[in-house]
Amino acid sequence: MPHVAETVPDLIARLDPAARLEADHLVVDDESAFRGDVIRDLAWTAAFAPEGPVAGAAQWLVHEAARVLGAHSASIHELYMARGRGEVHGFTVPAINIRAQTFDMARTVYETAASNDVGAVILELARSEQTYTFQRPIDYSTAVLAGAIAAGWRGPVFIQGDHYQFNAKKYAADPEATTEEIRRACRLAIDAGYRNIDIDSSTLVDLSKPTRDEQQRENYRRAAELTALIRSLESDGVTISVGGEIGEVGKENSNEEELVAYLEGYRRELDGLAPGAVGISKVSVQTGTSHGGVPLPDGSVAPVKLDFEVLRRLGDVARSNGLAGAVQHGASTLPDELFHRFPAVETAEIHLATGFQNALFEHPSFPAELHRQIESYCFANAVDERKPDQTDEQFVYTTRKKAIGPLKRQLWELPTKDEILAAQSRKIAFLFTELGVNGSREMVDGYVHPVEQRMPQPDALRTAGAGATS
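Keep in mind the model is a prediction, meaning the values are calculated, not measured. Each chain carries its own residue numbering, running from 1 in the written order of its sequence. Thresholds applied to this predicted model are a pLDDT of at least 70 for local features of residues and 80 or more for the giving and counting of side-chain atom pairs; totals over whole chains, interfaces and linings are not thresholded and use all residues. As a convention, hydrogens and water are excluded, and side-chain values are obtained from all of the structure's heavy atoms.

Caption draft 1: Examining helix H9 (residues 175-191) more closely. A run of H or I in DSSP becomes a helix once it reaches four residues, and a run of E becomes a strand once it reaches two; helices and strands are each numbered from the N terminus. One less than the residue count of a helix, multiplied by 1.5 Å, gives the span that helix is expected to have. Counted at 1.5 Å a residue, the expected span for H9 with its 17 residues is 24 Å, and the 25 Å between its end C-alpha atoms agrees. Between buried and exposed lies partly exposed: a residue is buried under 20% and exposed over 50% of the maximum accessible area for its type, with that area taken using a 1.4 Å probe on protein chains only. Among all positions in H9, only Thr 178, Thr 179, Ile 182, Arg 183, Ala 185, Cys 186, Ala 189 and Ile 190 are buried. Projected down its long axis, H9 shows its buried positions confined to an angular sector of 155°, all on one face. Facing away from the buried side of H9 by over 90 degrees, the exposed positions are Arg 184 and Asp 191. Gly 193 occupies a position one or two residues after H9 and carries a positive phi of about 100°. What the arc covers is the set of directions going from the helix axis to the C-beta atoms.

See below:
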């Protein structure tokens, strides 16, 4: 069973004899042992110790270990720029949202990636997911890097803030306060080591306006403003990959005129705020999908009519403007036989979330008692989200994600998790194959050159470390 340290000296003691502190540096003496129980205990302590010195020390140790062992948080920007120039093509980068079991799922992703020589894979978390999964940016980046270390991974780790989205109702009431929420989210993400952020101001599009430019104006204006902010926060020479969005997922399909209006307005606005600043590297569009899929009365998911022609045409427009192409959201519940079509139409990136959550909850070995706890939580805490015509099965399907945070430790410590993770690995390997990223490691390494990141050592760790070595 993983050990959650209760004090900083206890945490430091867990390093021995695999690693030790020398001033503000971590020295790893036994890499194999460190990648085993030690990194597991650090991950558990970072995730489950009360917020304060112990959790902060564990977070720092994980990030420092990632630096020492070569699992560097990185930006995928340069690879996407190469795609925009036509130097690489024929693949779709999977961006996997890990809501539960983050340490073990990240380990599974990187073990599977290593087995298939995959370098082009992103691990992400949406801003809305942070809340109900109990994962702030520092929690998520720490768990992902710990998982990469446990997998023996050396190379770029693409951690992405997904859907840093404006709430349209809040924005209408107070635009500045709502924008400041997103500004703060960007700062927290960058401080936590994220080097990829997707700005979603597509919720501000107003289709009642008479022209495409007017419809997209608030969207591109706020996206440009946040891009300028992100560029001002880049302190290590790394260009953070920033994504934009023109069509809110689940709404009307996007078209070329909207994309052109957005891109032209965005560039104009960004040049006014920060002349010559690097812009977005990709753009998300709506093609007919919805987040999480549409549940039927029996709890199964309805078939989706996805328009691949929209992806192809808008991807061409995006690349003609120097971007990697179009991004597909809400795709993880699609039928397996569709995934090979995304690289065929040169989709740049595909976001995969609910399908992995469903594979966890619906695996035959998932404990029945935990199922009952999840359902009880939904009926006790999410009833205000229930639509009048929903069956119990539909209601639970759409709200069970809200139980992930409250049941976080139970999910991390499932007695049957090895069986479930093996199934997740098979799905990940299938997606790597269908999306054309097998063998992409050399390509990624040719364009992405990670920069070592160092976080300031916490005072509590410095003091305790000095005592331990004196």
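So much for the structure itself; the text now carries on.
Caption draft 2: Focus on empty space enclosed by the protein. Definitions used for this entry: grid spacing 1 Å over protein atoms alone; cavity, a set of points where a 1.4 Å probe fits but cannot get out; pocket, an open set with protein on both sides within 12 Å along at least 5 of 7 lines; lining residue, one with an atom within 4 Å of a point. Grid points are joined across faces, edges and corners, and a volume is the space filled by probe spheres set on the points. Considering all chains together, one arrives at two cavities of 30 Å³ or more under this definition. As a volume, the largest cavity reaches approximately 110 Å³. Put simply, the parts of the chain that give the lining of the largest cavity at least two residues each are strand E4 (93-97) and helix H14 (354-361). By residue number, the principal contributor to the lining of the largest cavity is H14, which donates three residues. Classification used: nonpolar for Ala, Val, Leu, Ile, Met, Phe, Trp, Tyr, Cys and Pro, charged for Asp, Glu, Lys and Arg, polar for all others including Gly. Looking at the lining of the largest cavity residue by residue, the classes come out as eight nonpolar, four polar and one charged.

Caption draft 3: Seen up close, the layout of surface pockets. In this structure, the second largest pocket encloses a volume near 380 Å³. Along its surface, the second largest pocket is lined by 22 residues, and Ile 190, Gly 193, Arg 195, Gln 453 and Arg 454 are the ones closest to its centre. Elements with a minimum of two residues in the lining of the second largest pocket: helix H3 (53-69), strand E3 (71-73) and H9. Among the residues forming the lining of the second largest pocket, the class breakdown is eight nonpolar, six polar and eight charged.

Caption draft 4: Structural detail: helix H11 (residues 256-273). With 18 residues, H11 should cover 26 Å at 1.5 Å per step; its first-to-last C-alpha distance of 26 Å lies within 8% of that length. Looking at H11, one finds that the buried residues are Glu 258, Leu 259, Ala 261, Tyr 262, Leu 263, Gly 265, Tyr 266 and Leu 270. Structurally, H11 contributes buried residues whose contacts are with helix H10 (212-233), strand E8 (241-245), strand E9 (282-285) and helix H12 (308-320). Between two residues, a contact is recorded if the distance between any of their heavy atoms is within 4.5 Å.

Caption draft 5: Representation of the pattern of salt bridges within the structure. For this analysis, a salt bridge means a side-chain nitrogen from Lys or Arg found within 4 Å of a carboxyl oxygen belonging to Asp or Glu. Tallying each qualifying case throughout the model produces 45 salt bridges. Close ionic contact of Asp 236 with Arg 195 constitutes a salt bridge, the shortest N to O distance being 3.1 Å. You can see Asp 236 sitting in the loop between H10 and E8 and its partner Arg 195 sitting in the loop between H9 and strand E7 (196-200), a full 41 residues away along the chain.

Caption draft 6: Structural view of the environment of Ala 460. When you line up the elements, Ala 460 lands in helix H20 (residues 459-469). Once the C-alpha coordinates of Ala 460 and Thr 7 are considered, the two residues, 453 residues apart in sequence, prove to be 9.9 Å apart. Beyond its immediate chain neighbours, meaning those up to four positions away, Ala 460 contacts Val 8 and Pro 53.

Caption draft 7: Structural view of the pairing of strand E2 (residues 25-28). Across the two faces of E2 the burial differs, with Leu 26 and Val 28 buried and His 25 and Val 27 not buried at all. Paired strands are those between which DSSP finds at least two bridges. Between strand E1 (residues 19-22) and E2, which pair antiparallel one after the other, the connecting turn spans two residues, and Ala 23 there sits at a positive phi close to 55°.

Caption draft 8: Region of interest: unusual backbone geometry. At the junction of Asp 16 and Pro 17, the peptide bond is cis and its omega measures out at 0° in the coordinates. With respect to the helices and strands, the residue Pro 17 is situated in the loop between helix H1 (8-13) and E1. Of note, Gln 101 is a non-glycine position whose phi angle comes to about 55°, a positive value. Unlike most non-glycine residues, Phe 134 shows phi in positive territory, near 60°. In this structure, Phe 134 sits in the loop between helix H6 (127-133) and helix H7 (137-150).

Caption draft 9: Summary view of the side chain of His 77. Note that His 77 resides in helix H4 (residues 77-84). Relative accessible area serves as the criterion here: at 3%, His 77 is assigned to the buried category. In this structure, His 77 is in contact with Thr 239, Ile 240, Ser 241, Val 278, Gly 279 and Ser 281, ignoring residues within four places of it in sequence.

Caption draft 10: Layout of the side chain of Glu 245. Residue position: Glu 245 is located in strand E8. A residue counts as positive if it is Lys or Arg and as negative if it is Asp or Glu; His and the chain ends are not included. No salt bridge is formed by the buried Glu 245, whose closest oppositely charged neighbour, Lys 282, lies at an N-O distance of 9.5 Å. If we skip the residues at most four places from it in the chain, Glu 245 touches His 163, Ile 199, Asp 200, Ser 202, Asn 219, Tyr 262, Val 283, Ser 284 and His 329.

Caption draft 11: Representation of the packing of aromatic side chains in the model. Classification of ring pairs rests on two measures: the distance between centres of Phe, Tyr or Trp rings, Trp counted by its six-membered ring, which must be within 6.5 Å, and the angle between planes, read as stacked under 30 degrees, edge-to-face over 60 and tilted in between. The tally for this structure, following the rule as stated, stands at 12 aromatic pairs. Each ring is checked for a lysine NZ or an arginine CZ that lies within 6 Å of its centre and within 35 degrees of its normal; such an atom marks a charge sitting over the ring. Over the ring of Phe 91 we find Arg 83; its NZ or CZ atom is 4.4 Å from the centre of that ring. Above the ring of Trp 153, the side-chain terminus of Arg 441 is found at 4.7 Å from the ring centroid.

Caption draft 12: Quick look at the nonpolar core. The criterion is simple. A nonpolar core is a set of buried Ala, Val, Leu, Ile, Met, Phe, Trp, Tyr and Cys residues joined through side-chain atoms within 4.5 Å. In this structure, Phe 34 and Phe 342 are the most contacted members of the largest nonpolar core, which totals 132 residues. At 10 residues, H3 tops the list of elements feeding residues into this core. With sequence-adjacent residues up to four places away left out, Phe 34 is seen in contact with Leu 15, Ala 18, Ala 19, Leu 26, Val 28, Ile 39, Leu 42, Ala 65, Leu 69 and Ile 149. The next biggest cluster of nonpolar side chains, apart from the first, holds 16 residues, and it includes Cys 378, Val 396, Ala 403 and Ile 420.

Caption draft 13: Examining the packing of helix H2 (residues 31-48) against H7 more closely. In this analysis, axes come from line fits to C-alpha atoms, helices being fitted only over the stretch in contact, and the angle between any two N-to-C directions falls in the range 0 to 180 degrees. Between H2 and H7, the shortest axis-to-axis distance is 9 Å and the interhelical angle comes to 170°. It follows that H2 is roughly antiparallel to H7 by the angle criterion. Between H2, through Phe 34, Arg 35, Ile 39, Ala 43 and Ala 46, and H7, the contact on the second element is made entirely by Asp 139, Thr 142, Ala 146, Ala 148, Ile 149 and Ala 150. Looking at the contact of H2 with H7 residue by residue, the classes come out as eight nonpolar, one polar and two charged. Any angle from 65 to 115 degrees is called roughly perpendicular, while one under 35 is roughly parallel, one over 145 is roughly antiparallel, and all others are oblique.

Caption draft 14: Inspection of the environment of Arg 222 at higher detail. Following the sequence through the fold, Arg 222 ends up in helix H10. The buried category is assigned to Arg 222, whose relative accessible area is 7%. Excluding residues within four positions of it along the chain, Arg 222 makes contact with Phe 166, Tyr 171, Pro 175, Thr 179, Arg 183, Ser 201 and Leu 204. In the analysis that follows, any N or O atom pair within 3.5 Å is treated as a polar contact, provided that within protein one partner can donate a hydrogen and the other can accept it, and provided that, for residues neighboring in sequence, both atoms belong to side chains. Polar contacts involving the side chain of Arg 222 include one to the side chain of Thr 179, which spans 3.3 Å.

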